[in-house]
Amino acid sequence: MTDLLLLNAVVLTMDENRPRAQEVAIKDGRILAVGEDDLKSLVHNSTEVIDLGGKTILPGFIDAHLHLRALAESLVTLNIGPASGVSSISHIQERIHHQALTLPPGTWIRAGGYNEIYLSEKRDPNRWDLDAAAPHHPVKLTHRSGHAHVLNSLGLTNIGISKETPDSETGIIDRDLETGEPTGLLYGMGDFLSQVIPPLDESQLDRGVKLANQELLSSGITTFQDASSRNDIERWRSFENWKREGTLQCRVLMMLGFKGFEEYQAGRLTSQMDKSHLRLGGVKIVLDETTGRLNPRQEDLNEIVLSVHQAGRQVAIHAIEETAIEAACSALEHAIRASPRPDHRHRIEHCSVCPEDLAARIASLGIAVVTNPAFLYVSGERYLKTVPPRQLKHLYPLATLIQNGVQVAAGSDAPVAPVNPLAGIYAAVSRKAESGEVVLANEKITSYEALRMYTMLAARSSFDENLKGIIAPGKLADLTILSADPTSVPIEAIKEIRVEMTIVGGDVVYRH
Ligand SMILES: [Zn+2]
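Residues numbered from 1 in each chain as written. Predicted model: local features only at pLDDT ≥ 70, side-chain atom pairs only at ≥ 80, totals over all residues. Heavy atoms only, no water.

## Examining the coordination of the zinc ion
Each pair of donors in an ideal four-coordinate tetrahedral metal site encloses 109.5 degrees, whereas pairs in an ideal six-coordinate octahedral site enclose 90 or 180 degrees.
Step number 1: Within the first shell, the zinc ion binds the protein through His65 (NE2), His67 (NE2) and Asp413 (OD), at distances of 2.1 to 2.2 Å.
Step number 2: Donor residues for the zinc ion, ordered by position in the chain, follow H-x1-H-x345-D. For the pair shown, His65 and His67 are each scored as buried. (Donors = N, O, S within 2.8 Å, 3.2 Å for Na, K, Ca; no water. Buried < 20%, exposed > 50% of the residue type's maximum accessible area, 1.4 Å probe, protein only.)

## Topic: the state of the cysteines
Here a disulfide denotes a covalent bond joining the sulfur atom of one cysteine to the sulfur atom of another.
Step number 1: One pass over the structure, following the stated rule, counts zero disulfides.
Step number 2: With no disulfide of its own, Cys351 lies 4.0 Å from the sulfur of Cys354, the closest cysteine sulfur. (Disulfide = S-S within 2.5 Å.)

## Re the domain arrangement of the protein
Step number 1: Taken domain by domain, the protein consists of domain 1 (62–68 + 200–469) and domain 2 (78–196).
Step number 2: In this structure, domain 1 and domain 2 have C-alpha centres spaced 27 Å apart.
Step number 3: The interface of domain 1 with domain 2 comprises 19 residues on the first partner and 16 residues on the second.
Step number 4: Three residues, Arg230, Thr290 and Arg382, lead the burial of domain 1 against domain 2; their summed loss comes to 35% of the area buried on that side.
Step number 5: Inspection of the domain 1/domain 2 interface yields zero salt bridges.
Step number 6: At the boundary of domain 1 and domain 2, one finds three residue pairs in polar contact (both at pLDDT 80 or more).
Step number 7: Of the residues forming the side of domain 1 that touches domain 2, the biggest block, five residues, is contributed by helix α12 (residues 374–386).
Step number 8: In terms of residue class, the side of domain 1 that touches domain 2 is built from six nonpolar, six polar and seven charged. (Domains from an automatic or database assignment. Contact = heavy atoms within 4.5 Å. Buried area = accessible area lost by both parts, 1.4 Å probe. Salt bridge = Lys/Arg side-chain N within 4 Å of Asp/Glu carboxyl O. Polar contact = N/O pair within 3.5 Å; in protein donor to acceptor, adjacent residues only side chain to side chain. Helix = DSSP H or I, 4+ residues; strand = E, 2+ residues; numbered from the N terminus. Nonpolar A, V, L, I, M, F, W, Y, C, P; charged D, E, K, R; others polar.)

## Topic: the pattern of salt bridges
Step number 1: Under the defined criterion, the tally for this structure stands at 28 salt bridges.
Step number 2: Taking the shortest distance from any N to any O, the salt bridge between Glu492 and Lys432 comes out at 2.9 Å. Remark: Lys432 occurs in the loop between α15 (421–430) and α16 (447–453) and Glu492 occurs in helix α18 (residues 491–494); sequence separation between them is 60 residues.
Step number 3: Exposure remark for Glu492: the relative accessible area of 34% places this residue in the partly exposed category.

## A word on helix α6 (residues 202–218)
Step number 1: Here α6 contains 17 residues, and its C-alpha end-to-end distance of 24 Å stays within 8% of the 24 Å for a straight helix at 1.5 Å per residue.
Step number 2: Turning to α6, its buried residues number three or more, namely Leu205, Gly208, Val209, Ala212, Asn213, Leu216 and Leu217. Mapping the buried residues of α6 onto a view down its axis gives an arc of 165°, with all of them on the same face.
Step number 3: Its buried side turned inward, α6 meets β8 (61–66), α1 (68–76), β15 (221–226), α7 (233–244), β23 (499–504) and β24 (507–511).
Step number 4: Looking at the residues trailing α6, positive phi occurs at Gly220, about 80°. (Expected span 1.5 Å × (residues − 1). Arc of directions from axis to C-beta.)

Encoded structure:
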């Protein structure tokens, strides 16, 4: 007997043993049976039956890499991205000025999502632009990429940055060439800024998390993996609260940063949570090249990676450029040689510029890649204009990675790109930017391969393939229902597909 029967559907199970079906029966939060118009015998008087009228059922989408706090913050602070109608620095000034009128002097104004390439001035705003709009409020702008920020003069003073402040190990303070005065533009200093600028107050953050929850569910996401390198015990407690209060309805896997890993090693992280709803993932390590050389250096990276590997945990290394990906491979190879372990599933996050020989090396080491196809859609136009040709021809080489045997999963990296997986699927299949320009036509993959990146392979990237990622009896009843089948519509129509319903553990948590 079943609690819920979904019938008259196109079921793309993503299960090679049984790729397609028409019906799914659910009991006690799990999939009871998958069938072809033959499950009626399971219906009893309290069964809910939903006729899907030919709509498509997929395993619930899994976003294998996003940043929930930053996403929540972006939803409750000023949006100055191109989609908000901002197309010049004077527009940004207007928005900031308007915000300043509503806040007491001295209160931080935060705004995010700007991208200088879409501003008519074709440059980043600077402190003086922001001073003109809000001289009595500290202001922080966040670039769309999250890797650059702009502060006004009061903001710089409040956090103690002046002409005399030296550059840090990891970041760059942009300076006026003649006077040496900081311009307000800061590169690679996000972690530092989040330590010195007061966080959003609790009620604002909660409101942001509620909005993020709605956005995730309406995008068909039933699990996300939070990849923030600042994740620690304190952040784990926040996730526990949001889950307990029902503010967050997706299942969550929280990666740890290195500091969080040390707390975990000291035995300080204990939890009573149901692991299918909130679980610890691997350890996220950021390998950054903002200052022109790798940070951490190779020897330090080797040591960090080895310590996480020997603790039996999975390592997830953020690496964008070719040299960083090579260094990540070397550190992982060093650890695997020192203490071999089958099926370690260490990961490289983003893996943005990757020639074929490097793809082959990644595959031979058994490393998985978690990448972000939607970047091609939201930033493709910028890549074509600004990425040097030698790198451009290896940019997000999805087909090359897959052909070389790398297990590739996908994440949005939200708020850097929108959470909707259909944007990423469309981009992976069409290689088209929002402007319609194509970025590397030879790296197109099929819509089936793209769906695997957001379901089965995303589940595998966190050792969850026994629980989710395919539709088969015994798996969690996490399902995404779409208006059409992405594998049978023309490529351009993928963009128009709507999420009709999202089901987590047998409960309908979103309906269009
Ligand atoms: Zn990220």
